[in-house]
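# Summary of the model geometry
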Amino acid sequence: MYPNLQEKAVVDAAEKIMIETMKRYDPSHDRHHVERVRKTALSLARNINPTPDLLIVEIAALLHDVLDKKYVSPEEAADPYNFFLPFFQEMSEQHGLDLIQDGRAKIITRVIENVSWTTENKLRAAGEWSTWHDQCVELHCVQDADRLDAIGAFGIMRCAAYGTVINRPLHTAPGDPEYEHATIHHFYDKLVKIRDRLKTVPGKKLGVKRHQVLLDFLASVDEEAGGKIE
């Protein structure tokens, strides 16, 4: 039964790293976001047959934003494996779970490195999206969970929060010089496309409802921006 005592100790240690790191980030990428991703990723994984490696899913979910390129330098984000290597070494020494030896440390960091929407787009455009990307169910669980938190009610709040942090206008009309930099443009540029890029069957089911929340919200924005009184 997952997690055993060793696995729980490693997960708890990863959670501590996450909490300390997320203190430095804004509310769109805080520990509460990560906890939702963790919970959703595990739920997705448990509803897939055969069940993927839950330890890989949980640790990758917990650490997926530690090296987010919006908050760290390109140099820091360039090599997740070496960045997290001291953590994996410490877990082996302290708790006897050698994720380096059994190969899971490399998988965890590869999942972390490939969760991002932008990374997937770049790899696909360059013809570098591989069989591993298509077949790694642990990656799919964490990706879907992260993307599901970008749509629906929490997605709307997170998008507005990040736009505020970087001082974007919330809304401008199409054709306005600032339109492509407005928060509302991000909904059309990315968020409404997420439903069709979810990879797990349970993730796709969740995506239908959350996608509709986005569409209803955007319809209300258009209605209110028009200033019409029916």
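Residues numbered from 1 in each chain as written. Predicted model: local features only at pLDDT ≥ 70, side-chain atom pairs only at ≥ 80, totals over all residues. Heavy atoms only, no water.

As annotated in an unreviewed UniProt entry, the protein chain carries the name HD/PDEase domain-containing protein and comes from Psilocybe cubensis.

Below, the discussion takes up the environment of F154. Considering the arrangement of structural elements, one finds F154 in helix 10 (residues 152-165). Put simply, F154 and R210 are 56 residues apart on the chain and 9.4 Å apart in space, counted from C-alpha to C-alpha. If we ignore the near neighbours within four places in the chain, the residues touching F154 are R36 and D149. (Helix = DSSP H or I, 4+ residues; strand = E, 2+ residues; numbered from the N terminus. Contact = heavy atoms within 4.5 Å.)

Moving on: unusual backbone geometry. Between Y2 and P3 the backbone carries a cis peptide bond, its omega angle lying at -5 degrees. Note that P3 resides in the segment before helix 1 (5-22). Between N49 and P50 the backbone carries a cis peptide bond, its omega angle lying at 0 degrees. Counting through the fold element by element, P50 comes out in the loop between helix 2 (31-46) and helix 3 (54-63). The phi angle at N167 is positive, at roughly 65 degrees, despite the residue not being glycine.

Below, the discussion takes up the environment of R210. In this structure, R210 sits in helix 12 (residues 201-226). Relative accessible area serves as the criterion here: at 25%, R210 is assigned to the partly exposed category. In this structure the C-alpha to C-alpha distance between R210 and G96, which are 114 residues apart in sequence, comes to 41 Å. (Buried < 20%, exposed > 50% of the residue type's maximum accessible area, 1.4 Å probe, protein only.)

In this structure the tally under the stated criterion is four aromatic pairs. Taking 4.3 Å as the distance between ring centres and 15 degrees as the angle between the ring planes, the aromatic pair formed by Y25 and Y71 counts as stacked. One end of the pair, Y25, is in the loop between helix 1 and helix 2; the other, Y71, is in the loop between helix 3 and helix 4 (74-77), and 46 residues separate them in sequence. For Y25, a relative accessible area of 9% translates into the label buried. When its relative accessible area of 23% is taken as the criterion, Y71 is described as partly exposed. With 5.0 Å between their ring centres and 85 degrees between their planes, F83 and F84 make a pair best called edge-to-face. Given the relative accessible area of 2%, F84 is considered buried. Positioned above the aromatic ring of Y162 is the side chain of K70, whose terminal nitrogen or guanidinium carbon lies 6.0 Å from the ring centre. (Phe/Tyr/Trp six-rings, centres within 6.5 Å; stacked < 30°, edge-to-face > 60°. Lys NZ or Arg CZ within 6 Å of the ring centre and 35° of its normal.)

Taken as a whole and judged by the stated rule, the model has 15 salt bridges. Measuring nitrogen to oxygen at the nearest pair gives 3.4 Å for the salt bridge that ties R197 to E120. Here the residue R197 occupies a position in the loop between helix 11 (183-189) and helix 12, and E120 occupies one in helix 7 (residues 117-125), the gap between them amounting to 77 residues. Among the residues examined, E120 registers a relative accessible area of 0% and is labelled buried. (Salt bridge = Lys/Arg side-chain N within 4 Å of Asp/Glu carboxyl O.)

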